[in-house]
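# Fold and geometry: a report
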Amino acid sequence: MLSNENSPVQVILYEGKGASPLAAEIRLAVLSQLLDKGFAVALAKEGGRQIPTPPLKGNQRLLVLGDFVGDAPSLEDAAGQASIETVTVTGLAADEVLGLVEQFREGQPMNEPGKWKPWFPVIDYDRCTNCMQCLSFCLFDVYGVDEDNKIQVQNNDNCKTNCPACSRVCPEVAIMFPKYSGGPINGDKVNTQDLEREKMKVDISSLLGGDIYASLRNRSEQAKSRFSKERSPDKALSERKKCLTKLQQAGMIPAEVLENLPSPEEIQRRAAAAAAKADAALKAQTSAN
Amino acid sequence: MTDSSHQPHRILYCRCAYANTVPQGVKDDVLQRLSESGLPFEAVSDLCEMSASRDPRLKQIAEGGRVKIAACYPRAVKWLFHAAGQPLPEEGVDVVNMRELSAEDVAAQLLDRNTESTPSSHPVNHAE
């Protein structure tokens, strides 16, 4: 997992002065292939205003590709910190251009589509009431508080891919997972009517205490609205169980995660720690007010 | 800070390459229309991935003046930038939702040089 790595290569397809426009089908194919491999691409046109390139860090490289008239021009980073290379791609097929970019990358690490999924909670602070239910619920230390005791996502790498359980227990529908399939968890509008009808505060202690799997067997009848389906405590528990079981079965669990596997005692311990953290934050909030 | 209200908007296209939650046909078609539009634009592989890695390019996007962003739900995009420590400005940002709109509608909103906010696009500062 390399979620904290920035892409090491930035690509500009240059079609401005001194270069001919690429053929339409080549341009589209190059754009598609680079994007699908995880690279960002800016298409620069004659006289066009483009998004300014950010300051390059030492480990980042800028590759300018174009059908240059004559030799490709030489460019240098004025700050002298980064490598900029210009390459003529005249007559190259899209996969050959992709090969050039990969060569330019020189094997530097980057998040690659298909090998890693950016799965983490995103808090809608227009909705969040700082109730700390998410912090209490999550057993993986994804959540924490800032210096003002405001809830925040602190360790998004700890989040278990495809598990949106915390968003289901958020009473304000303030937690999104943009890669999730359905709304409102994916960021779609929150249905106010559903919210009012199904307003529900989940009793975290009941979720975490005792035999949580027994509660799955005794689940109550699900409400039929989309909102309640997406936010039921039973479903949250089921997802927690699935995540834990999947980790258990994978056989490649890091030691720190292994410690968190679901013996009831361990779950209770972790839950108590999270609850204490949330309680401390809430008390600090109250005393500050 | 310079007044950017009369500057043409920039275009940012998100490929959603890391999870494919945007319909393939829509994002392919939008990219083709952008590519053939004759306008400059920037395309990123995945805004979620950039937010997760706190990519410094998000700062440039947020601070670079008016921009139309072809991505997913405006609420998600707004808070993805915030999560990366680079909140989008209250004015001059439109998010066009490729998960809900047709490619034709998305492209029309992106390529319309005269509109800041059309009824079916979503300024990120507006409540949904």
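Presented here is a report on the structure given in the accompanying data block.

## Brief notes about the overall build of chain B
- Looking only at helices and strands, chain B has five helices and five strands in total.
- Each helix and strand of chain B, placed in order from N terminus to C terminus, yields the pattern β-α-β-α-α-β-α-β-α-β.
- Long-range pairs, those at least 24 residues apart, make up 74% of the contacts in chain B between residues at least 6 apart in sequence.
- Accessible area for chain B stands at about 5000 Å²; split by element, carbon and sulfur atoms hold 47% of it.

## Observations concerning the packing of helix 1 (residues 24-36) of chain A against helix 1 (residues 24-35) of chain B
- Packing of helix 1 of chain A against helix 1 of chain B leaves a shortest axis separation of 10 Å and a crossing angle of 130 degrees. When the axis of helix 1 of chain A is compared with that of helix 1 of chain B, the two are oblique. Along this stretch, helix 1 of chain A crosses helix 1 of chain B, giving a crossing that reads as right-handed. Here A:Ala24, A:Arg27, A:Leu28, A:Leu31, A:Ser32 and A:Leu35 of helix 1 of chain A lie close against helix 1 of chain B, whose contacting residues are B:Leu31, B:Gln32 and B:Ser35.
- A class-by-class count of the residues in the contact of helix 1 of chain A with helix 1 of chain B yields five nonpolar, three polar and one charged.

## Overview of unusual backbone geometry
Residues and elements named next belong to chain A.
- With an omega dihedral of 0 degrees, the bond running from Gly183 to Pro184 counts as a cis peptide bond.
- With respect to the secondary-structure elements, Pro184 resides in the loop between strand 9 (175-176) and helix 5 (192-197).
- Phi at Glu106 takes a positive value of approximately 55 degrees, unusual for a residue other than glycine.
- Taking relative accessible area as the criterion, Glu106 reaches 58% and is therefore assigned exposed.
- Unusually for a residue other than glycine, Met132 sits at a positive phi of about 75 degrees.
- Structurally, Met132 is set in the loop between strand 6 (122-123) and helix 3 (133-137).
- On the accessibility criterion, Met132 (1% relative accessible area) is buried.

## Focus: the packing of aromatic side chains
- Under the criterion given, the structure shown has four aromatic pairs over all chains.
- Where A:Trp116 meets B:Tyr18, the ring centres are 6.1 Å apart and the plane angle is 80 degrees; that geometry is what we call edge-to-face. In this pair, A:Trp116 sits in the loop between helix 2 (94-105) and strand 6 while B:Tyr18 sits in the loop between strand 1 (10-14) and helix 1, so the two residues belong to two different chains. As far as burial versus exposure is concerned, A:Trp116 and B:Tyr18 are alike and both buried.
- In this structure, A:Lys150 packs its charged tip against the face of A:Tyr125, placed 4.5 Å from the ring centre.

## Some words on empty space enclosed by the protein
All names here are of chain A.
- What the rule picks out here adds up to seven cavities of 30 Å³ or more.
- By volume, the largest cavity is sized at about 160 Å³.
- Taken together, 14 residues make up the lining of the largest cavity; nearest its centre are Cys138, Phe140, Cys163, Ala165 and Cys166.
- Considering only residue class, the lining of the largest cavity consists of twelve nonpolar, no polar and two charged.

## Brief notes about the nonpolar core
- Within the largest apolar cluster, 40 residues are counted, with the highest numbers of intra-cluster contacts made by A:Leu65, B:Tyr13 and B:Val30.
- B:Tyr13 has contacts with A:Leu35, B:Lys27, B:Asp28, B:Val30, B:Leu31, B:Leu34, B:Glu42, B:Ala43, B:Val44, B:Ala70 and B:Met98, leaving out every residue within four places of it along the chain.
- Counting residues in each nonpolar core, the second largest holds 31 residues, with A:Trp116, B:Met50, B:Ala71 and B:Cys72 among its members.

## Observations regarding the packing of helix 1 of chain A against helix 2 of chain A
All names here are of chain A.
- The geometry of helix 1 relative to helix 2 is characterised by a closest axis approach of 9 Å and an angle of 45 degrees between their N-to-C directions. Relative to helix 2, helix 1 is oriented oblique. Note that helix 1 runs across helix 2; the crossing there is right-handed. Together, Ala29, Val30, Gln33 and Leu34 of helix 1 and Ala94, Asp95, Val97, Leu98 and Val101 of helix 2 make up the contact between the two elements.

## Considering the environment of A:Met176
- Turning to its location among the elements, A:Met176 is positioned in strand 9.
- Under the relative-accessibility criterion, A:Met176 is labelled buried at 0%.
- Placed 56 residues apart in sequence, A:Met176 and A:Phe120 show a C-alpha to C-alpha distance of 8.4 Å.
- Residues contacting A:Met176, with those up to four places away along its chain left out, are A:Phe120, A:Pro121, A:Val122, A:Ile123, A:Asp124, A:Pro184, A:Ile185, A:Gly187, B:Arg75, B:Ala76 and B:Trp79.

## Description of the interface of chain A and chain B
- In this assembly, 52 residues from chain A lie in contact with 49 residues from chain B.
- Of the roughly 4400 Å² buried at the junction of chain A and chain B (both faces included), carbon and sulfur atoms supply 58%.
- For the pair chain A and chain B, the number of links is four salt bridges.
- B:Arg75 is paired through a salt bridge with A:Asp124; the nearest N and O atoms lie 2.9 Å apart.

## Digging into the environment of B:Leu39
- One can find B:Leu39 in the loop between helix 1 and strand 2 (41-44).
- With 72 residues separating them along the chain, B:Leu39 and B:Leu111 place their C-alpha atoms 8.4 Å apart.

What counts and what doesn't
Throughout this description, residue numbers start from 1 for each chain and increase along the sequence as written. Chains carry letters from A onward and ligands carry numbers from 1 onward, assigned in written order. Local features are withheld for residues below a pLDDT of 70 in this predicted model, meaning they are given only at 70 or higher, and side-chain atom pairs are given and counted only at 80 or more; totals for whole chains, interfaces and linings count all residues. Where side-chain values are given, they derive from all heavy atoms of the structure, hydrogens and water being excluded. Only DSSP runs of H or I covering at least 4 residues are called helices, and only runs of E covering at least 2 are called strands; the numbering of each starts at the N terminus. Any two residues whose heavy atoms approach within 4.5 Å are treated as being in contact. Method for areas: the Shrake-Rupley scheme with a 1.4 Å probe, in which residue coverage is limited to the protein chains shown. Inter-axis angles, ranging from 0 to 180 degrees, are taken between N-to-C directions of lines fitted to C-alpha atoms, where helices are fitted over the stretch in contact. Here roughly perpendicular refers to angles of 65 to 115 degrees, roughly parallel to angles under 35, roughly antiparallel to angles over 145, and oblique to all remaining angles. The hand of a helix crossing depends on one turn: near helix anticlockwise from the far one by less than a right angle means left-handed, and clockwise means right-handed. When residues are grouped by polarity, Ala, Val, Leu, Ile, Met, Phe, Trp, Tyr, Cys and Pro land in nonpolar, Asp, Glu, Lys and Arg in charged, and all others, Gly among them, in polar. Under the scheme applied here, a residue whose accessible area is under 20% of the maximum for its type counts as buried, over 50% as exposed, and between as partly exposed, the area being computed with a 1.4 Å probe on protein chains only. Note on aromatic pairs: the rings of Phe, Tyr and Trp (six-membered ring only in Trp) are paired at centre separations within 6.5 Å, and the planes decide the class, stacked below 30 degrees, edge-to-face beyond 60, tilted for the rest. Comment: the charge-over-ring label is applied if NZ (Lys) or CZ (Arg) is within 6 Å of the ring centre and within 35 degrees of the ring normal. Computed over the protein atoms alone on a 1 Å grid, cavities are sets of points where a 1.4 Å probe fits but cannot get out and pockets are open sets with protein on both sides within 12 Å along at least five of seven lines; a residue lines them when it has an atom within 4 Å of a point. Grid points are joined across faces, edges and corners, and a volume is the space filled by probe spheres set on the points. Residues belong to one nonpolar core when they are buried, are Ala, Val, Leu, Ile, Met, Phe, Trp, Tyr or Cys, and are joined through side-chain atoms within 4.5 Å. Throughout, buried area stands for the accessible area (probe radius 1.4 Å) lost by two parts on being put together, summed over both. When a carboxyl oxygen of Asp or Glu is within 4 Å of a side-chain nitrogen of Lys or Arg, the pair counts as a salt bridge.

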